[in-house]
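A structural walkthrough
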Amino acid sequence: MTTLPKRKNTRLKEFDYSQSSYYFITICLKKRKEFFSHIVNSELILTEFGKILDEVWNNLPKYYNVELDYYIVMPDHFHGIVIIDNTLNVKDDKGKDPLTLSDIIGKFKSYSTRKIRNVISNKIEFEWQKSFYDRIIRNEVEFYNIRKYIKENPLRWDIEKNNPENLEM
């Protein structure tokens, strides 16, 4: 029997990710394929698949108790600010606990994958990396800096695209 390496848990221990808070998330494509957009002269141009991702992201508040703030669809990854508002912290209409950040991002990845696979040929492989990066936004200075980072991400693309460690702030 082969033992698989234990995956590193990127979530903050003992933090309730269903509680109301602001979260900065980064989701990457497997093998860092440039799939969602192109950057020409520091200008972001969405592909057909990037437009699907944009649509799925913007529809999240229709289905989940979230607000969305700044986000960007980069060629091989996605950055966004998610605001979970579970101020009442009550169970949903089916008696389930409020969704966690991981639940919401999982649904985003799953639904966007289904929509993209409906339009691509079998010759094109599409798959997200496992998990995602997150940062709990703790104050207004962090919030401002993360917004700035998201907004300026296309400007840094040529410099940082081969340095995946730069995906995290």
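This report concerns the structure included in the present document. Keep in mind that what you see is a predicted model, and the values were worked out from it rather than measured. (Residues numbered from 1 in each chain as written. Predicted model: local features only at pLDDT ≥ 70, side-chain atom pairs only at ≥ 80, totals over all residues. Heavy atoms only, no water.)

**Here's the deal with the pattern of salt bridges**
Throughout the structure, instances matching the rule amount to 7 salt bridges. A salt bridge links Arg135 to Glu142; the nearest nitrogen and oxygen atoms lie 3.2 Å apart. For Glu142, a relative accessible area of 15% translates into the label buried. Between Arg156 and Glu152 there is a salt bridge, with the nearest N and O atoms lying 3.8 Å from each other. A residue pair is termed a helical-turn pair when its members lie 3 or 4 positions apart in one helix, as Arg156 and Glu152 do in helix 3 (residues 140–160) at 4 residues. Its relative accessible area of 18% is what places Arg156 among the buried residues. Taking the relative accessible area as the measure of exposure, Glu152 reaches 29% and is therefore partly exposed. (Salt bridge = Lys/Arg side-chain N within 4 Å of Asp/Glu carboxyl O. Buried < 20%, exposed > 50% of the residue type's maximum accessible area, 1.4 Å probe, protein only. Helix = DSSP H or I, 4+ residues; strand = E, 2+ residues; numbered from the N terminus.)

**Focus: the packing of aromatic side chains**
Between two aromatic rings, the relevant description is the distance of the centres plus the angle of the planes. Counted under the stated rule, the structure contains 18 aromatic pairs. Ring centres of Phe24 and Tyr149 lie 6.1 Å apart, and the angle between their planes is 85 degrees; on these two criteria the pair is classed as edge-to-face. Placement of Phe24 in strand 1 (residues 21–28) and of Tyr149 in helix 3 is noted, with a sequence separation of 125 residues between them. Assigned by exposure class, Phe24 and Tyr149 land together as buried. Here Trp57 and Phe108 contribute two aromatic rings whose centre-to-centre distance is 5.1 Å and whose plane-to-plane angle is 80 degrees, an arrangement assigned as edge-to-face. Placement of the pair is Trp57 in helix 1 (residues 48–63) and Phe108 in helix 2 (residues 101–117), with a sequence separation of 51 residues. Note on accessibility: Trp57 and Phe108 belong to one class, buried. Cluster of aromatic residues (ring-pair linked, three or more members): Phe35, Phe36, Phe49, Trp57, Tyr71, Phe78, Phe108, Phe126 and Trp128. (Phe/Tyr/Trp six-rings, centres within 6.5 Å; stacked < 30°, edge-to-face > 60°.)

**Considering helix 2**
Between its first and last C-alpha atoms helix 2 spans 24 Å; for 17 residues at 1.5 Å apiece the expected length is 24 Å, and the two agree. Of the positions making up helix 2, those classed as buried are Leu101, Ile104, Ile105, Phe108, Lys109, Ser112, Thr113 and Ile116. Around the axis of helix 2, the buried residues are gathered within 160 degrees of arc, so they sit on the same side. Tucked inside the fold, the buried residues of helix 2 contact strand 1, helix 1, strand 4 (66–73), strand 5 (77–84) and strand 6 (133–137). (Expected span 1.5 Å × (residues − 1). Arc of directions from axis to C-beta. Contact = heavy atoms within 4.5 Å.)

**Regarding unusual backbone geometry**
The backbone phi angle of Lys31 is positive, close to 65 degrees, even though this residue is not glycine. Along the chain, Lys31 falls in the loop between strand 1 and strand 2 (37–40). Phi is positive for Arg32, close to 50 degrees, though the residue is something other than glycine. Here Arg32 shows up in the loop between strand 1 and strand 2.

**As for the nonpolar core**
Grouped together as the largest cluster of nonpolar side chains are 28 residues, with contacts concentrated most on Ile25, Phe36 and Leu101. Of all the elements in the fold, those that place two or more residues in this core are strand 1, helix 1, strand 4, strand 5 and helix 2. Sort the elements by how many residues they give to this core and helix 1 lands first, with 6 residues. If we skip the residues at most four places from it in the chain, Ile25 touches Trp57, Phe78, His79, Gly80, Val82, Leu101, Ile105, Phe132, Tyr133 and Asp134. Core analysis: the second largest hydrophobic core is formed by 11 residues, Phe24, Phe143, Ile146 and Ile150 among them. (Core = buried A, V, L, I, M, F, W, Y, C linked by side-chain atoms within 4.5 Å.)

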